[in-house]
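Reading the structure
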Amino acid sequence: MINITLPDNSVKQFEEGVSGLEIAKSISEGLARNVLSVKVNGEVWDATRPIRKDADIKLLTWDDKEGKETMWHSSAHLMAEAVEKLYPGVKFGIGPSIDQGFYYDIDLGDRMISENDFPKIEKKMQELAREKQTFDRKEVSKKEALDYFDKKDDEYKLELISELEDGQITLYKTGDFIDLCRGPHLPNTGFVKAVKIMSVAGAYWRGDEKRKQLTRLYGITFPKQKMLTEYLQMIEEAKKRDHRKLGKELELFTFSQNVGQGLPLWLPKGAMLRERLEQFLKKVQKDAGYVPVICPHIGKVDLYKKSGHYAKYGEDSFRPIQTPEEGEEYFLKPMNCPHHCEIYKSKPHSYKDLPIRLAEFGTVYRYEQSGELHGLTRVRGFTQDDAHIFCTPDQLKDEFNGVIDIVMHIFKALDFHDWTAQVSLRDKNDKGKYIGSDENWDKSEKAILEVAEERGLKFKVELGEAAFYGPKMDFMVKDALGREWQLGTIQVDYNLPERFDMEYTGSDNLPHRPVMIHRAPFGSMERFVAVLIEHCEGKFPLWLTPEQAIILPISEKYQKYAEKVLTLLENYDIRALIDDRSEKTGKKIRDAELRKIPYMLIVGEKEEESNSISVRKQGEGDLGTFGVEEFADMINKEVEKQTAP
RNA sequence: GCCUAUGUAGCUCAGUUGGCCAGAGCAGCUGAUUUGUAAUCAGCCGGUCGGCGGUUCGAAUCCGUCCAUAGGCUCCA
């Protein structure tokens, strides 16, 4: 007999070799029907795998993250089995579970799969699921594994096996399909009740663009049909928040094929919104001791050779511009830092001057690959809310903290809660990717980690994600469809001060090297506005929205009164307009609701007589009658509250 | 850049065995209506069917190519 400890710390005795599934059955049949896998001493196992020693266990169901992973990973096998039956002779790469579902990378040879083929794959998967095939685990030697996949001529599995250690290789067999796999898996395929192939895409083998491109099939499965329906509905809802759709509908920005790919055109309403964001940050920065600078959009190629950017990105940039005379080449600036370095160098500095914080909303141009462009989140011309802080090594930590303060202030004013900080460090095994001394890297990486920990930030560390010149902390936020984007960024740089030979005179009267911090709390105005649109579904906070109120006269008779109200509101700095069309009030309300204007002010006979307005709030309905000044005060108080530090 | 799709009026979308002057709703314009909390009525205007080339007696429809867009891969100073 062995002792099994359940999550509630109760201990039960079972025969040696009992499985998670059998333990579940001993508790209740209902539970047994829902157990997908089992966590044994912290490791997720097949629910059918025998447990031979005392153990802490947790039975995993759909409600557990690991339960979902088991379901989806097994579904990847199920899909592979279906594909192998429908397309005999195909070879398989990897097939993991992901955040929402799973995928499998497949080498189809000369054949191809398109969306039209999804239904028959889904049908086959459902057929196989109904057979309740078991996932049979088998521990094999490396040689056995290699022999099997060699016979199958599957070079991808062979490559994976060759990197594994002998003695820890397992195969899983489902129906006729045998796969190299660590597991765990479902008790049987019957747990999969709803199946949907989501999309097909090309994916390079092992993420290397120099290697073969395989066909990646994305899918998702559920233990209930209803869950699939709900999931698909949720995606449809999320699409309504897509900034590309709302940007068009709300007339914020557009693109023109004649201007070029990835070059956004800000329409008046979008521009007003963006300007307000910029003014907001400018004020915050002024209070935090930043000073403005302005630089041109081009700079000599030599400037970027000096900074090191040319060697790294020169070939992948827009081609240089040439002067009419021979010999001089200029780049469209892909970043502002080299210019700001030259500003620092325009005069000698004392340690008493530092820190110096140079800020600029600088528009930059980068040649992004065409397949990467995406609405306003990934573009070829964009404006960074950039600043460079030049400080002494001793000041680095305080300055870093000061920048985080600004980022937090912005997130609060815009009601962003769902962000994570990502600390990107270098990959010490990939030295060629980075420039600068190990000593400086170590120093700056340590500083960032200390700050993150001291502030108690929710952060994760990513090795190998650092910029080529230094480590960084990025603030990540998800878009409507769950894709993560980098917004704010703070980057430490010991490299440019070196390359530009920047100095300050210390109290010891000797020259010293300053440290540089690149930082952009919004990141880029384009991307930030995109994420903001999705975040608030186009219903911007009152302080930001281009149109705060719309006056709706009941009929032309009240046009004069509407104009009077407008003038009053304008005196209170409220952004309002009048809908003077010859339409019924219901129509005007409907249109204003769709334009997501926060307040609708209805004026007719009643209001004119009592010198008032009827206020309707977008999305909420009638708020009752207000005096105009009373309403204006209410609006201005709300705005003040939203932007308070 | 690569894989797979898509591209018809300002917007959303009909239009497939290739066949008369390519349709609808919304938006816009004109007129009527003078309107009370999510769509008043009528008329009108508006399209090189993404561009170019080809097959065909005939192409929005079939083929090629380029451009743009979407989902992914790679990349992201």
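First, a word on what this report is: a plain description of the structure on this page. Note that the structure is a prediction, hence the values are computed from the model and not measured.

**Looking at the pattern of salt bridges**
What the rule picks out here adds up to 50 salt bridges. In this structure, the salt-bridge partner of Lys397 is Glu454, at a minimum N-O distance of 2.8 Å. Placement of Lys397 in helix H13 (residues 396–413) and of Glu454 in helix H14 (residues 438–455) is noted, with a sequence separation of 57 residues between them. Under the relative-accessibility criterion, Lys397 is labelled partly exposed at 26%. Arg581 is paired through a salt bridge with Asp591; the nearest N and O atoms lie 2.8 Å apart. A residue pair is termed long-range when its members are at least 10 positions apart, and Arg581 in the loop between strand S30 (576–578) and helix H18 (585–594) and Asp591 in helix H18 qualify at 10 residues. By relative accessible area, Arg581 is classed as partly exposed at 35%.

**Some details on the protein's contact with RNA strand B**
Residues in close proximity to RNA strand B total 58 residues, the closest being Gln213, Ser370, Glu372, Arg590 and Glu607. Atoms of RNA strand B within 4 Å of the protein belong to the sugar or the phosphate in 53% of instances, the rest to bases. The side chain of Tyr204 places a nitrogen or oxygen atom 2.5 Å from a base nitrogen of RNA strand B. Between RNA strand B and the protein, one listed contact pairs a sugar or linking oxygen with a side-chain N or O atom of His309 at 3.4 Å. Those elements giving two or more residues to the surface near RNA strand B turn out to be strand S12 (194–204), strand S13 (213–222), helix H8 (243–249), helix H11 (309–313), H18, helix H19 (605–610) and strand S32 (612–617). The greatest single-element share of the surface near RNA strand B, amounting to seven residues, is contributed by H18. Tallied by class, the residues present in the surface near RNA strand B amount to 16 nonpolar, 20 polar and 22 charged.

**Remarks on unusual backbone geometry**
Cis peptide bonds are those with omega within 30 degrees of zero, and the linkage from Gly183 to Pro184 qualifies with 0°. Secondary-structure assignment places Pro184 in the loop between strand S11 (177–180) and S12. Cis rather than trans, the peptide bond between Leu354 and Pro355 has omega equal to -5°. Turning to its location among the elements, Pro355 is positioned in the loop between helix H12 (337–344) and strand S20 (356–365).

**As for the side chain of Asn188**
Assignment of secondary structure puts Asn188 in the loop between S11 and S12. Only 2.6 Å separates the side chain of Asn188 from the backbone nitrogen of Gly190, close enough to count as a polar contact. In contact with Asn188, not counting residues within four places along its chain, are Lys132, Gln133, Thr134 and Phe135.

**Observations concerning the sheet that holds S32**
Strand order in this open sheet of five strands is S30-S29-S31-S32-S33, and the pairing throughout is mixed. Looking at strand neighbours, the two that pair on one side only are S30 and strand S33 (621–627), the edges of this open sheet. In this sheet, adjacent strand axes meet at a mean angle of 25° when their direction is disregarded. Sheet topology note: the strand S31 (residues 599–603)/S32 ladder contains four bridges and is antiparallel.

Reading guide: rules and limits
- Residue numbering note: each chain is counted from 1, following its sequence as written.
- Here the convention is simple: chains get letters from A, ligands get numbers from 1, in the order in which they are written.
- Only residues with pLDDT of 70 or above have their local features reported here, since the model is predicted, and side-chain atom pairs are shown and tallied only from 80 upward, although totals for entire chains, interfaces and linings are computed over all residues.
- In computing side-chain values, all of the structure's heavy atoms are included and hydrogens and water are not.
- A pair is scored as a salt bridge if a Lys or Arg side-chain nitrogen falls within 4 Å of a carboxyl oxygen belonging to Asp or Glu.
- A run of H or I in DSSP becomes a helix once it reaches four residues, and a run of E becomes a strand once it reaches two; helices and strands are each numbered from the N terminus.
- When a residue's accessible area, from a 1.4 Å probe over protein chains only, is under 20% of the maximum for its type it is buried; when over 50% it is exposed; and in between it is partly exposed.
- If even one non-hydrogen atom of a residue comes within 4 Å of a molecule or strand, that residue is called near it.
- Polar contact is the term for a pair of N or O atoms within 3.5 Å; when the atoms are in protein, one must be able to donate a hydrogen and the other to accept it, and sequence-neighboring residues count only if both atoms are side-chain atoms.
- Each residue receives one of three labels: charged for Asp, Glu, Lys and Arg, nonpolar for Ala, Val, Leu, Ile, Met, Phe, Trp, Tyr, Cys and Pro, and polar for the others, Gly being one of them.
- Note on definitions: a residue-residue contact is assigned when non-hydrogen atoms from the two residues lie within 4.5 Å.
- Note on pairing: two strands pair once DSSP finds at least 2 bridges between them.
- Angles run from 0 to 180 degrees between N-to-C directions of axes, and those axes are lines fitted to C-alpha atoms, restricted for helices to the stretch in contact.

Geometric values such as these leave the question of function open.
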